[in-house]
Amino acid sequence: MITVASLVPPLGGALALSGVAVAASRRRELRIRWCAWAVGVPLVTGAFWLGRPGAAAVAVVVGVIAVLEYGALMRLGRVDRAVLAGAVAGVVLAAWLAPGEVFRVAATGALAAAAVPLLAGDADHGLRRLGAGLLGLVWLSTAAALVPLGAVGLALFVAVSTADIVAYFAGRRLGGPRLSPLSPAKRWSGTLAGAVAGLGTLAALSAFSWPTAVAVAVGGPAGDLLESMIKRGARVKDAGHWLPGSGGLLDRIDSLLVALAVLLVLS
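Residues numbered from 1 in each chain as written. Predicted model: local features only at pLDDT ≥ 70, side-chain atom pairs only at ≥ 80, totals over all residues. Heavy atoms only, no water.

**Examining the overall build of the protein**
Helices and strands together make up the secondary structure of the protein, namely 11 helices and zero strands. Counting from the amino terminus, helix and strand elements in the protein follow one another as α-α-α-α-α-α-α-α-α-α-α. Computed over C-alpha atoms, the radius of gyration of the protein comes to 18 Å, within 12% of the 18 Å expected from 2.2 N^0.38 for 267 residues, which places it in the range of a compact globule. Burial analysis of the protein (267 residues in total) assigns 46% to the buried set. If you take every contact in the protein between residues at least 6 apart in sequence, the share linking residues at least 24 apart comes to 69%. Placing the 22 positive and 12 negative side-chain charges of the protein at their respective mean positions leaves the two points 8 Å apart. (Helix = DSSP H or I, 4+ residues; strand = E, 2+ residues; numbered from the N terminus. Rg over C-alpha atoms; globule rule 2.2 N^0.38 Å. Buried < 20%, exposed > 50% of the residue type's maximum accessible area, 1.4 Å probe, protein only. Contact = heavy atoms within 4.5 Å. Lys, Arg positive; Asp, Glu negative; His and termini not counted. Charge placed at Lys NZ, Arg CZ, Asp CG, Glu CD.)

Written out as structure tokens, the structure reads:
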């Protein structure tokens, strides 16, 4: 059975090897990104080591930051963002403290998100605000799945991240047909290479199963395209500018969120 303790040696080794490769590349942007990973991976792993409380803390922080970035992309007001952040945090806390009430809490959050534009009497932008709030709740609250999944969720994140990195470099080198007009830089060749790398990572971490495989190979790329669609609609390149070498947090977890949703459906 996969545990957080069993993931520490391969994660530490991968971080060390990637550090050597990044140093050899002498590329500043890669060094900046690796430094962010060198700080983030031990923190997240340590939190998951604490069990459900630690995973819930990570999911709440990730969910709230993602809501703030998503709200900026969708041009939501402060009240809309606050209600959405509370709804996402509520779903995460329910997954930890009252798993049987998750759907009830999610439905309450959906009603609250819908009530904001209704009570404001916003005839001009109410429908857009309503749609953005409901999409944000469905998409971002999947972070709550990290709580029951535990070590499997952490392994899924590593596999999806590996697939993203391999897809980026393989697509640039191999070329070929574009994956989607939503993201012209992405190629089918890179996506397939990334899927193979992601599945190999799952196997190496003893987390391979047909649901996790589909989550990485299908859910990961779908999540990336979903955020690309939102960013293209907002006419921005990154969801944020605060995370060194990565733009925003949503740029790093977009694939994971849909992969978690796929895993939930299949499990």
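**Description of the nonpolar core**
Ranked by size, the top nonpolar core spans 63 residues in total, and within it Leu7, Tyr70, Trp139, Leu140, Leu156 and Leu250 carry the most contacts. The element that contributes the greatest number of residues to this core is helix H11 (residues 249-266), accounting for 10 residues. Contact partners of Tyr70, with chain neighbours within four places excluded, come to Leu76, Leu84, Ala132, Leu135, Gly136, Trp139, Leu140, Ile230 and Leu250. (Core = buried A, V, L, I, M, F, W, Y, C linked by side-chain atoms within 4.5 Å.)

**Some details on the packing of aromatic side chains**
The tally for this structure, following the rule as stated, stands at three aromatic pairs. Taking 5.0 Å as the distance between ring centres and 80 degrees as the angle between the ring planes, the aromatic pair formed by Tyr168 and Phe169 counts as edge-to-face. According to the relative accessible area criterion, Phe169 is partly exposed, its value standing at 36%. (Phe/Tyr/Trp six-rings, centres within 6.5 Å; stacked < 30°, edge-to-face > 60°.)

**So, helix H4 (residues 78-97)**
The first and last C-alpha atoms of H4 sit 28 Å apart over 20 residues, in line with the 28 Å expected at 1.5 Å per residue. The inward-facing, buried residues of H4 contact helix H3 (52-73), helix H5 (102-120), helix H6 (126-140) and helix H7 (146-149). (Expected span 1.5 Å × (residues − 1).)

**Regarding the pattern of salt bridges**
Summed over the entire model, instances satisfying the criterion amount to seven salt bridges. Note that Lys186 and Asp224 form a salt bridge whose closest N and O atoms lie 2.8 Å from each other. Of the two residues, Lys186 sits in the loop between helix H8 (151-174) and helix H9 (188-204) while Asp224 sits in helix H10 (residues 210-234), which places them 38 residues apart along the sequence. Assessed through its relative accessible area of 13%, Asp224 is described here as buried. With its nearest N and O atoms 3.1 Å apart, the salt bridge here joins Lys231 to Asp251. One end of the pair, Lys231, is in helix H10; the other, Asp251, is in helix H11, with 20 residues separating them in the sequence. (Salt bridge = Lys/Arg side-chain N within 4 Å of Asp/Glu carboxyl O.)

**Some remarks on H9**
For H9, with 17 residues, the first-to-last C-alpha span of 24 Å sits near the 24 Å given by 1.5 Å per residue. Of the positions making up H9, those classed as buried are Ser189, Gly190, Thr191, Gly194, Ala195, Ala197, Gly198, Thr201 and Leu202. Lining the buried residues of H9 we find H8 and H10.

**What about the side chain of Thr201?**
Assignment of secondary structure puts Thr201 in helix H9. According to the relative accessible area criterion, Thr201 is buried, its value standing at 13%. Discounting residues that sit within four places of it in the chain, Thr201 has contacts with Val158, Ala159 and Thr162.

**Digging into the environment of Met229**
Within the secondary structure layout, Met229 lies in helix H10. A relative accessible area of 43% means that Met229 is categorised as partly exposed. Considering only alpha carbons, one finds Met229 and Ser183, 46 residues apart in sequence, at a separation of 8.0 Å.

**Considering the packing of H4 against H5**
Interaxial distance between H4 and H5 falls to 9 Å at its minimum, and their mutual angle equals 175 degrees. Comparing the axis directions of H4 and H5 gives the class roughly antiparallel. Contact with H4, carried on its side by Val79, Asp80, Val83, Ala87, Gly90, Val91, Ala94 and Ala95, involves Val102, Val105, Ala106, Gly109, Ala112, Ala113, Val116 and Pro117 of H5 and no other residues of that element. (Axes fitted to C-alpha atoms, helices over the stretch in contact; angles between N-to-C directions. Parallel < 35°, antiparallel > 145°, perpendicular 65-115°, else oblique.)

**As for unusual backbone geometry**
With a phi close to 55 degrees, Arg75 is a non-glycine residue in the positive phi region. Tracing the backbone through its elements, the reader meets Arg75 in the loop between H3 and H4. In this structure, Ser206 takes a positive phi of about 60 degrees despite not being glycine. Turning to its location among the elements, Ser206 is positioned in the loop between H9 and H10.

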